[in-house]
Each structure stands twice: as structure tokens, then as C-alpha cells.
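# Descriptive structure summary
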Amino acid sequence: MTGPTGEAGSAGAAGSAAGAGTAGTAGGVSEPTLSPLLSGRGLTRTFRLPRRSPLQPGPVRHALVDADLDVGPGESVALIGESGSGKSTLVRLLLALDRPTDGTVTFDGRPVEPGRAAQLRWFRRQTGVVLQDPYSSLDPRMRVGDTVAEPLRHLHVAGDHRALVAEVLERVGLDAADAERWPHEFSGGQRQRIALARAVVHRPRLLVGDEPMSALDVTVRAQIIELLRELRTDLGLSLLLVSHDIGLVQHLADRVAVLRDGRVVEQGTTDDVLQRPQHEYTRSLIASVPTID
Amino acid sequence: MTLEIDHLTVTIGDRAVVDDLSLRLDDGARLGLIGESGSGKSLTTLAVLGLLPRTARVAGSVRLDGRELLGLPERDLARVRGAVVGTVFQDPRTALDPVMTVGRQIAEPLRLHGTVTRREARRRAVEAAAEVGLPEPDRIVDRYPHQLSGGQRQRVVIATALITRPAVLLADEPTTALDVTTQAEVLRLFRRLVDERGASLLFVTHDLAVLAQVAEEAVVLSQGRAVESGPVTRLLHAPEHPVTRGLVAATRATTWRAS
């Protein structure tokens, strides 16, 4: 294996990338010394598979092995890799939706551990999530306004919820009056805007997107990329994107981590990793992406 | 075999979802049909196959080597669908029967469209599996879809479409659900099969970058109408219609660019 491996790591790769003179890349690459907003260290998740013989325990599958990942304040970080590479596992661990077999997650220096909703409320207030499919991520029986206001209720956010909802709908390019309408009245792109409104209505500091564009048409994709850029600047959001869409990553991320078979095989600035990939796997991944030039 | 679509109009309710569309797919040609969701591209392929929903009304003409397909009785259409036209749809997870072995699915068109012995069907399935690059073809035919990866499943779907050696291949977003490396392999496979077999390919997609990998010519659809057509490189570098220009601009803003 060439290039930085998972363990030496991620820390080493980030360090060398920053040392290699990364000035000029978009939006301020965080220095390793600056304390990260979200930080995962040595994250490992194994699953015990069903036993094949009654006498022996089942084999262990390593979904994620010793992964380190930081997202700095205001920084946009992308996780790329193919299906089964461990990107979703890593995000689930970072969001405390699953408990690591080993390793730790901290947010702003404070440990994050899966647990009861009340114990995690502080963390949920700091994070928002957008998922892949805007058709299934919205409850068809809830008015848009109620769907968008849901995090405010669940997270016990103080203030005038109706006003906050109206404000956030306008922020994502919809109408305040859309709060009274139903999801089926909207196109896929508009629904993804609704999903984004819901993800940022409680003013989180970190927005996590799991393949947020894959169900969208290309013109809508371009609009949502623009919107995410705006939200990032206006709200000072940090972004953590999970995607197999290299184009999206190139247009949105400051830093990229490449996962394969549960290991971070390479990470660094977007420009370094995508334009000058060190790891053989990253090279083959990028060579496969269709281009139009 | 030449596929000619003339003044095709598909109406659902009082809306023309395909509106006066004409195109021609010559022997050995690779033609793209590009547009956003709702532009009518998938309905066009369904109209060719006679698979439109019952509520749809169809006017115009779809001819294969001069033979009119619109209005053919279902029995004749079924024969055309398997033997002459092979189809690959988007999602390999839903296109395959989970309780049928890979080999039986690949050979199913043969059993439906001809009289082959079980042994002959299996032999042809193994052959088709090898042709689309499935590993260990003589063993993989005995496995079930859930035991395969997404890319392997899409290869099974393609093998199924190819087993009758159709003269025309219709592919509707066949790589959308796939990882990029698998997508690249499947696109290479399509190009090779068309080149080696002399079949023609109608490739439906919303992705210009993908289209540029497989098609030489393309028709741009918007709201059921063909707004522009021509060589793909010309559409990319000198788009004329505002819809094409919008697609190209959005593609440039979202797809990967090496520096």
C-alpha cells in the first residue's frame, strides 16, 4: 500500500497536506493545531457475523478500522468511497447514531456518546442532517411548516417557532407561505430545499449531508450546491459531506478523506487529493469519473 | 435494424408528456436521449416497448425496419420486446427476481422467445455471463441476486437483455445506481457490445457527462419536445437552445474537472 495508511494516519496526512502549502484552496483549511469542531479518533466498528459452525463464534467483519477525522470550524470536509467502504458507518459513529467498538468522538472538545435523547440534546442542537432522497425524507402527512419546525420542538429550542420557520424557508429560497403546503406539492429540488431548511432551522454549527444530491437533476444539483455555499457563508456552518459524487466534492469541500474497505486510505486538501492523488485506489476512483472536457 | 420514431405524441390526462417527437436510430448507431425528470425521455422508451400505462394515449408512429409497432397486439409486441429490442432499466435491485438464480434470469428471454432445452439455456447463460464480464461465469449462474454486488447485478440485467442478441438496445439510466468505477466498467461494456455486435443503442440519461462516454449523437428533450439534436461534442461545446445551454452550464458547475 502506498501513501498514508489509515493509522499513521489521518493525522499525518492532514499535517503533511497543511505543510505542503495549501494556500489558495477554498474557504480556509483548518490548521491541525486549531481545535476541531467535530473530531473522531481511532474509530473502529466491527460486526459479529452469524456463526457458521455451532462450536465457533461467527467471524468478525471490520466495517471501519481506526479512522481519524476532524472537521474544523467553518470547514467543509467530504468523505468519498464506494458502497461498502465504511463512509456511512463513520458518519453514524460521528453523529452518535451508533456506538464505536473502539475510539472516541468529541464536539468542541466535549465527548459525544450514544445515549438517551436528553443526554445528547446539546449535541443534536449543534448538528443538522440532510439525507439522500427528498421523496422519502419528508413525512407526506405533515405540512411543510410542521416538518421544518419538528427539530425546534424536539430540541426544546426557545423562541417563536413560526417566525423561525418562515425565516429559514426564505433563506433556502422558498416562500414563508409554503409552510402551509404539503410535501407532494413540491418538486424534488424544492423538497431538498425543505429538507435543508429543516436541517438548519435550529441554527446548528455543523451540517451533515449523506449523498444529498444523488436523487436530483443536474440543474437542481447546481442550485443546491450554490445554496449550500450560501448557507455556509451566511451561517458560518461547517459541512460534513458523504458522497460518491467526485464533482460535488470538488465544488463544495475544502478537505477530502478517501475510504476503502473501512480504512481511511488518504486525506488532505481537496485540491491535493483529487488533482494529485497519492493512493492507487484514489487514482482509479478519479480516473473513472466521467468528464465533459 | 433501424428504429424510427415519427411524430410520437403520448398524452396522459390532458397533458402531452411526449409531444411530436421524431428521431431515427440507425444500424450500429449510439444515440442519446437527454433531459431532466419529467422531460418525457423514459416515456419515449416505454412507448417504443408498448409498456405505457393504460391511461396513456399514443399517436404517431414507431417503426422497426419499417414495421409499425404502435397498435401491435400484445403477443406480437412481447416477441419484439425480447427478441429484437433488449432493455436495461435503472435499478438492478428491482429488475431482478430475488428467488430466481442468475442463470435462469439471464436465460429467461430464451425460454420465452424460443424453444431451447434446459441444458442449452444454461450454456447460453454462462456464455452471456462471460461476455458481460461476470467472474466465474459457470458458477455465478447458480447464485442468487442478493449474493452479487450492485455492479454484478447490473451486468446480469445487461446479460439478460443481450441473450437474444437483440438488434436494438434500449438503456434507461443504466448506471445511475452504480458506483463510479462500476459505472465506468458498464459504460465500456455498452460501447464494446455495440461495436462488436453491430447493434444500435438508445441511451436515456439526465447526465451529460455519462452520455458523452457512450453516445455519438443525442436528442435533448424538454417537456416532451425535442428541442435540439446533433453530435454530442457539438451539444457540449456549442449548445444552441436555452435548455441545452442550461444543461451544459449545470453540468460544468457540478461535474468533476481535472486541472
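Just so it is clear, the model here is predicted, and its values are computed rather than measured. (Residues numbered from 1 in each chain as written. Chains lettered and ligands numbered in written order. Predicted model: local features only at pLDDT ≥ 70, side-chain atom pairs only at ≥ 80, totals over all residues.)

## Remarks on the overall build of chain B
What chain B contains, in helices and strands, is 11 helices and 10 strands. In terms of overall dimensions, chain B is globule-like: its C-alpha atoms have a radius of gyration of 18 Å, near the 18 Å expected for 259 residues. The principal-axis extents of the C-alpha atoms in chain B amount to approximately 55 × 50 × 30 Å. Expressed as a percentage of the 259 residues in chain B, the buried residues total 46%. Considering only residue pairs separated by 6 or more positions, chain B has 64% of its internal contacts joining residues 24 or more positions apart. (Helix = DSSP H or I, 4+ residues; strand = E, 2+ residues; numbered from the N terminus. Rg over C-alpha atoms; globule rule 2.2 N^0.38 Å. Buried ≥ 20, exposed ≤ 12 C-beta atoms within 10 Å, placed from the backbone. Contact = placed C-beta atoms within 7 Å.)

## Some thoughts on the sheet that holds strand β10 (residues 225-231) of chain B
All names here are of chain B. If you walk across this open sheet you meet the six strands as β6-β7-β8-β3-β9-β10, and the pairing is mixed. The open sheet has two edge strands with one neighbour each: β6 (85-88) and β10. Sheet twist, expressed as the mean angle between neighbouring strand axes with direction ignored, is 15°. (Pairing = 2+ DSSP bridges. Axes fitted to C-alpha atoms, helices over the stretch in contact; angles between N-to-C directions.)

## Overview of the packing of helix α10 (residues 280-288) of chain A against helix α8 (residues 180-197) of chain B
Angle between the axes and distance between the axes: these two values describe a pair of packed helices. Running from amino to carboxyl end, α10(A) crosses α8(B) at an angle of 50°, the nearest separation of the two axes being 8 Å. The pairing of α10(A) with α8(B) is recorded here as oblique in orientation. The chirality of how α10(A) crosses α8(B) is left-handed. Across from A:S284, A:L285 and A:S288 in α10(A), the residues of α8(B) making contact are B:V180, B:T181, B:Q183 and B:A184. The residue inventory of the contact of α10(A) with α8(B), partitioned by class, reads three nonpolar, four polar and no charged. (Parallel < 35°, antiparallel > 145°, perpendicular 65-115°, else oblique. Left-handed = near helix turned anticlockwise from the far one by under 90°. Nonpolar A, V, L, I, M, F, W, Y, C, P; charged D, E, K, R; others polar.)

## Some words on the confidence of the model for chain A
Residues and elements named next belong to chain A. On average, chain A scores 86 in pLDDT, and the residues at 70 or more come to 88%. Highest mean pLDDT in chain A belongs to strand β4 (residues 102-107) (97); lowest belongs to helix α1 (residues 6-19) (39). Within the model, pLDDT remains below 50 along residues 1-31, and this stretch shows 59 contacts once partners closer than five positions in the same chain are excluded. (pLDDT = per-residue confidence, 0-100.)

## As for the nonpolar core
In a soluble, globular protein the nonpolar side chains are often hidden away together inside. If you look at the biggest cluster of nonpolar residues, it comprises 153 residues, and the most contacted ones within it are A:L90, A:A197, B:I106, B:A129 and B:L211. The biggest single contributor to this core is helix α7 (residues 218-235) of chain A, with seven residues. Apart from the residues lying within four places of it in its own chain, the contact partners of A:A197 are A:V148, A:V168, A:L169, A:V172 and A:L174. (Core = buried A, V, L, I, M, F, W, Y, C linked by C-beta atoms within 7 Å.)

## Overview of helix α11 (residues 242-254) of chain B
Between the first and last C-alpha of α11(B) there are 18 Å, a value that for 13 residues agrees with the 18 Å anticipated at 1.5 Å per step. Every buried residue belonging to α11(B) is among B:V243, B:T244, B:L247, B:A250, B:T251 and B:T254, and all of these are buried. Down the axis of α11(B), the smallest arc covering the buried residues is 130°, so these residues share one side. Taken together, the buried residues of α11(B) touch α7 and α8 (246-252) of chain A together with α9 (208-214), β9 (217-222), β10 and α10 (232-237) of chain B. (Expected span 1.5 Å × (residues − 1). Arc of directions from axis to C-beta.)

## A short note on helix α5 (residues 118-131) of chain B
All names here are of chain B. In this model α5 runs 20 Å from its N-terminal to its C-terminal C-alpha over 14 residues, within 8% of the 20 Å that 1.5 Å per residue would give. The set of residues buried in α5 consists of A121, A125, V126, A128 and A129. Buried residues of α5, viewed axially, fall in a sector of 165°; they line one side. The inward-facing, buried residues of α5 abut α4 (102-113), α6 (137-140) and α7 (150-162).

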